[in-house]
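Examination of the molecular architecture
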Amino acid sequence: MDSLLIQGGVPLHGEVTISGAKNAVLPIMAATLLTAEKCVIHRAPNLTDVSFMGDILKSLGATVSIDGNSISIQAARLTGVGDYDLIRKMRGSICILGPLLARLHHARVSLPGGCVIGSRPIDLHRKGLEALGATITIESGYVVAHAPQLEGADIFLGGRAGPTVLGTANVMMAATLAKGTTVIESAACEPEITDLADFLIAMGAKITGAGSPTIRIHGVDQLHGAEHEVIPDRIEAATFAIAAAATNGEVTLKGARADHFGAVIDKLREAGVKIDRRGPDIVIKRGSELKPVDVTTMPYSGFPTDAQAQMMVLMALSPGTSIMTERIFESRFMHVSELARLGTDIAIEGPSSIVKGGRPMSGAPIMASDLRASAALVIAGMVARGETLVNRIYHLDRGYENIDTKLKMLGAKIERVEEP
Ligand code: EPZ
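Residues numbered from 1 in each chain as written. Predicted model: local features only at pLDDT ≥ 70, side-chain atom pairs only at ≥ 80, totals over all residues. Heavy atoms only, no water.

1. A look at the overall build of the chain
Along the backbone of the chain there are 14 helices and 23 strands. Taking 420 residues into account, the globule formula puts the C-alpha radius of gyration at 22 Å, and the chain, at 21 Å, falls close to it. Reported as C-alpha extents along the three principal axes, the dimensions of the chain are approximately 60 × 45 × 40 Å. Across the 420 residues of the chain, 57% fall into the buried class. A sequence separation of at least 24 residues applies to 73% of the contacts in the chain between residues at least 6 apart. As presented, the chain carries roughly 15700 Å² of accessible surface, and 51% of it is formed by carbon and sulfur atoms. In the chain, the 41 positive side-chain charges and the 45 negative ones have mean positions that sit 2 Å from each other. (Helix = DSSP H or I, 4+ residues; strand = E, 2+ residues; numbered from the N terminus. Rg over C-alpha atoms; globule rule 2.2 N^0.38 Å. Buried < 20%, exposed > 50% of the residue type's maximum accessible area, 1.4 Å probe, protein only. Contact = heavy atoms within 4.5 Å. Areas by Shrake-Rupley, 256 points an atom, 1.4 Å probe, with all protein chains shown as cover. Lys, Arg positive; Asp, Glu negative; His and termini not counted. Charge placed at Lys NZ, Arg CZ, Asp CG, Glu CD.)

Here is the structure:
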């Protein structure tokens, strides 16, 4: 398993281009199952999760070709049974369920595993698809779904932690080919849902309200192929913005959408970080002394859970006490114990972490546990005095395109160490 060897204390300087959004491209790739015609997706990030989703679609009978950041997919002939092992490994694969059900009227996909950040139930996916007329059972680790004819319905999709992003995606995709009108209440409002809706509309779907808590879908008989450019990755943009502030550098984000990560920009400014717009570009530099801030993760447009770990590193540098509260997932503080190896003082109290910031960090070997925690550990390694080895960085490669190359271009002293 590869590691990243990092020499800390080097401020990041320069420009970085933000890649396409992982959490937009995965459901959009699944949406190509809704038509037998060819679809082309541009600005797709070169990530292991993307090639994984491509393998899953191939296992279902689609033809998939990835050419740099463009993916051509044609699901002319499909089986409804996905590769158990492939699907089980990637949570995002659950979003093939809705399209398969709508296209084939049956589907058998492995129940996606949980992961370190939480149990990841699919009860809301099931509630939404059953409301459209599907019968769904769990049989020896598979989700088995049947629906001779999907019928539009009014569906409330809010759960114990608020809306579900991939649940909204699944129901919206299934409803595009249902008979009649579907209204999804308490829909997820993330930009990735809006991007998926834009792609579905380009395929001929009739959808209004995407990006708001109420989405209306009028079913059509069939969808056609489409071409689409994926939105930039707001979590990658947030990650580089935090890295620029943490290393006391100055970085220009190119191709990012400031309106997609406004809550992060707001919190960074509250913490004393200077963030300016130069035309389409966003320039980040640390202004005055860093200040502690309190952060609570929320559904969009609140502070994103996917940027919580990275922000915690910045708070560990800010003299004073910051409270980070995680309201979306039940165990998303795996990075705290690894950050402690670098000298941080962070105490977990239920859904919150109490960060006593301003202590010096010194390098050490640390272990990545999940995608966003890995990014936080890399940021910490770039700040800590001396050498840090971040192990198991395959987590990183799932969600950040060429992150070590991009950081090196910004001046970071970072080397990928390939384990034999
Ligand atoms: C998406 O996951 C993202 N992944 C996650 O990003 C992101 O953190 C999450 O949305 C934020 O909500 C992709 O888009 C591939 P949810 P998703 O359903 O859709 C509970 C990353 O690092 N819930 O919105 O799986 C759930 O347990 C990843 O890029 C139910 O209770 O998340 C959680 O507490 C991590 N029942 C909350 O809702 C359900 O049926 C939000 O989960 C579904 C979810």
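2. Here's the deal with the site of the ligand
Near the ligand lie 23 residues; those nearest to it are Asp 123, Leu 124, Thr 164, Asp 306 and Ile 328. Asn 23 is positioned with one of its side-chain polar atoms (N or O) 3.0 Å from an oxygen atom of the ligand. Between the ligand and the protein, one listed contact pairs an oxygen atom with a side-chain N or O atom of Asp 306 at 2.6 Å. In isolation the ligand exposes 810 Å². Once the protein is present, 94% of that is buried. Where the shell around the ligand is concerned, the elements lending two or more residues are helix H1 (22-31), helix H5 (123-131), helix H6 (165-175) and helix H12 (371-383). No other element matches H5, which puts three residues into the shell around the ligand. Tallied by class, residues from the shell around the ligand come to eleven nonpolar, four polar and eight charged. Mapping the shell around the ligand onto the domain boundaries places at least three of its residues in each of domain 1 (2-19 + 232-418) and domain 2 (22-229). (Near = heavy atom within 4 Å. Polar contact = N/O pair within 3.5 Å; in protein donor to acceptor, adjacent residues only side chain to side chain. Nonpolar A, V, L, I, M, F, W, Y, C, P; charged D, E, K, R; others polar. Domains from an automatic or database assignment.)

3. Concerning the sheet that holds strand S18 (residues 320-325)
Pairing in this open sheet of four strands is mixed, and the strands run S17-S18-S20-S19 from one edge to the other. Strands with a single pairing partner mark the edges of an open sheet, and in this sheet they are strand S17 (295-296) and strand S19 (346-349). Sheet analysis places S17 next to S18, joined by two bridges and oriented parallel. Bridging across to S18, Thr 296 finds its partner in Thr 325. The sheet strands contacting helix H10 (residues 308-317) are S17, S18, S19 and strand S20 (352-357), and the helix crosses S20 at an angle near 30°. (Pairing = 2+ DSSP bridges. Axes fitted to C-alpha atoms, helices over the stretch in contact; angles between N-to-C directions.)

4. Observations concerning the state of the cysteines
For the coordinates displayed, the defined rule picks out zero disulfides. Distance from the sulfur of Cys 39, which forms no disulfide, to the nearest cysteine sulfur (Cys 95) is 14 Å. Taking relative accessible area as the criterion, Cys 39 reaches 0% and is therefore assigned buried. With no disulfide partner, Cys 189 has as its closest neighbouring cysteine sulfur the one in Cys 95, 18 Å distant. (Disulfide = S-S within 2.5 Å.)

5. Brief notes about the pattern of salt bridges
Within this structure, the stated rule accounts for 20 salt bridges. In this structure, the salt-bridge partner of Glu 130 is Arg 126, at a minimum N-O distance of 3.0 Å. You can see Glu 130 and its partner Arg 126 sitting in helix H5, four residues apart, about one turn around the helix. Residue Glu 130 is classed as partly exposed on the basis of its relative accessible area, which comes to 32%. Here Arg 416 makes a salt bridge to Asp 404, at a shortest N to O gap of 2.9 Å. One end of the pair, Arg 416, is in strand S23 (residues 413-417); the other, Asp 404, is in helix H14 (residues 403-409), with twelve residues separating them in the sequence. (Salt bridge = Lys/Arg side-chain N within 4 Å of Asp/Glu carboxyl O.)

6. Considerations on the domain arrangement of the chain
Interfaces are frequently sized by the accessible area removed from exposure as the parts join. Domain annotation for the chain reports domain 1 (2-19 + 232-418) and domain 2 (22-229). Each side of the interface is counted separately: domain 1 has 26 residues, and domain 2 has 22 residues. For the domain 1 and domain 2 pair, buried surface summed over both sides reaches about 1900 Å², with 50% attributable to carbon and sulfur atoms. If you sort the residues of domain 1 by the area they bury against domain 2, Tyr 300, Arg 398 and Glu 401 come out on top, with a joint share of 28%. Between domain 1 and domain 2 we count three salt bridges in total. Linking Arg 234 and Glu 192 is a salt bridge whose minimum nitrogen-to-oxygen distance equals 2.8 Å. Counting every contact that joins domain 1 to domain 2 gives ten residue pairs in polar contact (both at pLDDT 80 or more). (Buried area = accessible area lost by both parts, 1.4 Å probe.)

7. Brief notes about the environment of Leu 339
Within the secondary structure, Leu 339 sits in helix H11 (residues 334-340). Sequence-wise, Leu 339 and Thr 79 are 260 residues apart; in three dimensions their C-alpha atoms are separated by 46 Å. Apart from residues no more than four positions distant in its own chain, Leu 339 is found in contact with Met 312, Val 313, Thr 344, Ile 346, Leu 377 and Ala 380.

8. Points about helix H7 (residues 191-202)
Helix length check: H7 (twelve residues) gives 17 Å between terminal C-alpha atoms against 16 Å at 1.5 Å per residue, within 8%. Three or more residues of H7 are buried, namely Pro 191, Glu 192, Ile 193, Asp 195, Leu 196, Ala 197, Phe 199 and Leu 200. (Expected span 1.5 Å × (residues − 1).)

9. Section: the side chain of Thr 252
Among the secondary structure elements, Thr 252 is positioned in strand S14 (residues 250-254). Residue classification places Thr 252 among the buried residues on the basis of a relative accessible area of 12%. Aside from chain neighbours lying at most four places away, what touches Thr 252 is Gly 14, Glu 15, Val 16, Asp 281, Ile 282 and Val 283.

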